[in-house]
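Each chain, written out:
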Amino acid sequence: MKLHFEGDMADLLPGIEALSQELSFTLSDDGGKVQVGPSTAEDVLEVGLEEGNAYIRYGQKHQFYRGLGLLIQQGQTGRPFHIKENQQFGTIGPMFDLSRNGMLTLDSFKFLLRKMALMGLNTVMLYMEDTYEISGEPYFGYMRGRYSAAELKEIDDYADQFGIEAFPSIQTLAHLEEFLKWESVAAYKDTKGALLVGDEKVDRLVENMLESVSAPFRSKRIHIGMDEAEELGRGKYLDRNGYESRFDIMIGHLEKILKVTSRLGLEPMMWSDMFLKLASEDGRDYYNSEAGIPEEMAKRIPKNVEMVYWDYYHTEMEDYEKQIAKHRPLGCNLAFAGAVWVFNTFGVNYGLSLRATDSALKVCKREGIRDIYATMWGDDGNESNPVAALLGLQLYAEHAYTEGSLAWEQVTERVKFCTGIEAEAFLKFKDLDEVPGSEPNNARQSNPSKFLLYQDVLLGLFDKQIEGLELNEHYAALEQALREIRDPKAELDYIFEVPEKLSGVLKQKSEIGIQLKQAYDSGNTEVLRHIAAEVLPAISASVQELRRAHRRQWMRIFKPFGWEVIDIRYGGVISRLDTASERLLDYVEGRLERIEELEQERLIYSFNNRFNHMGVGWCSYYYRMASPNVFFHVLNPL
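All residue numbers refer to positions counted from 1 along the written sequence of the respective chain. Local features in this predicted model are restricted to residues whose pLDDT is 70 or higher, and side-chain atom pairs enter the listing and the counts only when it is 80 or higher, whereas totals over whole chains, interfaces and linings include all residues. In computing side-chain properties, one takes all heavy atoms of the structure into account and sets aside hydrogens as well as water.

Enquirer: Help me out: how do you make sense of the nonpolar core in this one?
Expert: In a soluble, globular protein the nonpolar side chains are often hidden away together inside. Nonpolar cores were defined as sets of buried Ala, Val, Leu, Ile, Met, Phe, Trp, Tyr and Cys residues, with membership established by side-chain atoms within 4.5 Å. Only protein chains enter the accessibility calculation, which uses a 1.4 Å probe; a residue whose area is less than 20% of its type maximum is buried, one above 50% is exposed, and one in between is partly exposed. Counting 222 residues, the largest nonpolar core has Phe5, Phe64, Phe109, Leu126, Tyr147, Phe275 and Tyr350 as its most contacted members. A run of H or I in DSSP becomes a helix once it reaches four residues, and a run of E becomes a strand once it reaches two; helices and strands are each numbered from the N terminus. Of the residues forming this core, the biggest block, 10 residues, is contributed by helix H21 (residues 525-557). Contacts are residue-level and defined by heavy atoms, with any inter-residue pair within 4.5 Å sufficient. Residues in contact with Phe275, not counting those within four places in the same chain, are Phe247, Met250, Ile251, Leu254, Met270, Ile293, Met297, Ile301, Met307 and Leu330.

See below:
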């Protein structure tokens, strides 16, 4: 396809050229003419084809690229059309977690920015705990794939050509375990993950953080974090200063930070949860407390910082209305952060994500919340990836250009155009965890795709959770379904290889611990011999195939740093399968009197189980999935 754009195009051409290959068109003087000009208002986008004349009228730069995609998408029919959209939010876009192993390569980041441009998103937040350079701090992000200032500038430049505002999200209080673990920076540490606030060295460090991370970006926005700091003031700080309320400590630290951001001309935002927690009855409850922000507390909270209310869990609009109302007394501008659930799984919990997002954004429109972010956390290793989450991001984008409710057909049509992948194919990612025994739409966040892979076959920690659910059959059916939806010609077909291979492992491994225990308890040595000699080696071979597929995917999306964590986990699975085979053969051939692991009664793993309608189960940490024994012991957690 050839296109010829008429209008003031100087600022748009770099982005057009970057998208030309994505959209299969070339720029040519003899191509189809597209009139480009201003819209009637900043929030209005108009795209159409009337009497052979195409046009894009936009109020903001990023809207043009959504309009370009809509023009080509609708223009394929050859029929006249006119689309008028009113942008519902001031800023909307993803937050990529770049701190939990998965550091996007620059090529991957640029790929995602191009998809965001087609969707019409206009911001991207880079969550970096210690994965950016700080002058004079060599251990900050050491061996973690940290971005250099030049890399951050390249990301910012690439985003800017589409009218997308990139800005950093860092931590200036807690969530700094990966930096504070180093002996050479012990002077900065209060507890395992929190800074020793009030210390002059820490004040200089935080100032250095803010200066270093903001310098490569055009944007003046900066997210300073400060969430989930329950441990604040309970380590060295307590020893030095005696007891002080966490609220007083936080306010003092925040005021110092805001002096720095003011000097640097930055516009700070922070997570709101600690203030709501500190106002709750027990000092910890973010969602369920009925307590509001007391007036005396609200008066002391600075107003020149945007508060970001995060909520990834609720599917009812009333819950969001209630939480937004609880935030109002803070007196600050309020933003909202939802999620596309790639947390702690190999898949994407679309069952929960899509419903939570739909409810949340309807309320945000009604309540006048203007800044919206879609977080994609990579908790405990980042086995999933943000590319698989593009359907969820498309939902955010379509809500951003639709008043009130949104038709699902609009999302499915747009995601197919923007990504080349059918919505139904993306939804297969949810079936890795949305298994028999789950609550509807996996509302309780079960993650069997992860704990069934990593659990030990002899220990069977999760066997009682899944007993009688026929998960082998579920994963066999999912493996076949994934094979059938794959399209080798599609650009993103590669993202389905890992779930397909994982399903191939879990159709064999899900229930093997149950079978082992039953055969052992009944004295069926022939079944035990067959499992040892045939089944476990076959599972091991399938795990190797999965590992190689996952490695290919990882190296395509992420920097190599962090892959070693996943590699070691796969190695642990394979080694334990080998040990299990040997112990079983020793037992059935008389060299071992009993298998102590199989002598143990199987118990329910956790409160989250299907017997009390809490799902199939959830575990947040690999090391707790793999073993109930001690992986490490911290002598001095401070």
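Enquirer: Explanation requested: unusual backbone geometry in the structure shown.
Expert: Residues apart from glycine generally show negative phi values, whereas peptide bonds are mostly found in trans. Non-glycine residue Glu228 carries a positive phi angle of around 45 degrees. Take Glu228: it is sitting in the loop between strand S10 (221-223) and helix H7 (236-241). Judged by relative accessible area, which is 33%, Glu228 ranks as partly exposed. Positive phi values are uncommon outside glycine, yet Gln445 reaches one of about 55 degrees. Tracing the backbone shows Gln445 in the loop between helix H15 (423-427) and helix H16 (448-454).

Enquirer: It is not clear to me how the sheet that holds strand S1 (residues 2-6) should be interpreted in this structure. Could you clarify?
Expert: Two strands in a sheet stick together by hydrogen bonds in their backbones, pointing the same way (parallel) or opposite ways (antiparallel). At least two DSSP bridges between two strands are needed for those strands to be called paired. Sheet architecture is open: six strands sit in the order S2-S1-S3-S5-S4-S6, paired in mixed fashion. The open sheet is flanked by strand S2 (26-27) and strand S6 (81-86), the only strands paired with a single partner. As defined by bridge partners, strand S3 (residues 32-38) adjoins strand S5 (residues 53-58) across five bridges and the pair is classed as parallel. Paired with Pro38 across the strands is Tyr58, a residue of S5. Here helix H2 (residues 61-75) sits on the sheet and contacts S1, S3, strand S4 (44-50), S5 and S6; the angle it forms with S4, its principal contact strand, is near 30 degrees. To obtain each axis, a line is fitted to C-alpha atoms, and for helices this fit is confined to the stretch in contact; angles are then taken between N-to-C directions over 0 to 180 degrees.

Enquirer: Just checking my understanding: could you explain the side chain of Ser99 for this structure?
Expert: Tracing the backbone shows Ser99 in the loop between strand S7 (91-97) and helix H3 (106-119). The contacts of Ser99, once residues within four sequence positions are left out, are Tyr127, Met128, Glu129, Thr131 and Arg144.

Enquirer: Would you explain the packing of aromatic side chains in this entry?
Expert: Both the distance between ring centres and the angle between the ring planes are used here to describe each pair of aromatic rings. Only the six-membered ring of Trp is used, alongside the rings of Phe and Tyr, when aromatic pairs are assigned; centres must lie within 6.5 Å, and planes under 30 degrees apart are stacked while those over 60 apart are edge-to-face, with the rest tilted. With the rule as written, the count across this model stands at 35 aromatic pairs. Cluster of aromatic residues (ring-pair linked, three or more members): Phe5, Phe25, Tyr58, Phe64, Tyr65, Tyr158 and Phe162. For the cation-ring pair, Arg57 lies above Tyr55, with the distance from its terminal atom to the ring centre recorded as 4.1 Å. Either the NZ atom of lysine or the CZ atom of arginine qualifies as a charge over a ring when it sits within 6 Å of the ring centre and within 35 degrees of the ring normal. Residue placement shows Arg66 over the ring face of Tyr401; its charged tip is 4.3 Å from the ring centre.

Enquirer: Would you mind showing me how to read helix H20 (residues 512-522) here?
Expert: Helical periodicity: at 3.6 residues per turn, an α-helix aligns residues three or four positions apart in one direction. When we look at burial in H20, the residues that qualify are Ile512, Gly513, Ile514, Leu516, Lys517, Ala519 and Tyr520. Where H20 is buried, its residues meet helix H17 (463-466), helix H19 (497-509), H21, helix H22 (563-588) and helix H23 (596-599). Immediately beyond the C-terminal end of H20, within one or two residues, lies Gly523, with a positive phi of roughly 75 degrees.

Enquirer: What is the right way to look at the pattern of salt bridges in this model?
Expert: Opposite charge on two side chains lets them pair, provided their charged atoms get close. In the sections that follow, a salt bridge refers to a side-chain nitrogen of Lys or Arg positioned within 4 Å of a carboxyl oxygen of Asp or Glu. Taken as a whole, this structure holds 57 salt bridges when the rule is applied. For Lys464, the salt bridge is made with Glu467, and the minimal N-O distance between the two is 3.4 Å. Given a relative accessible area of 29%, Lys464 falls into the partly exposed group. Taking relative accessible area as the criterion, Glu467 reaches 36% and is therefore assigned partly exposed. Of the charged contacts, one joins Arg486 and Glu500 as a salt bridge, the two residues approaching to 3.0 Å between their closest N and O atoms. Of this pair, Arg486 sits in the loop between helix H18 (471-485) and H19 while Glu500 sits in helix H19, and the two are 14 residues apart along the sequence.

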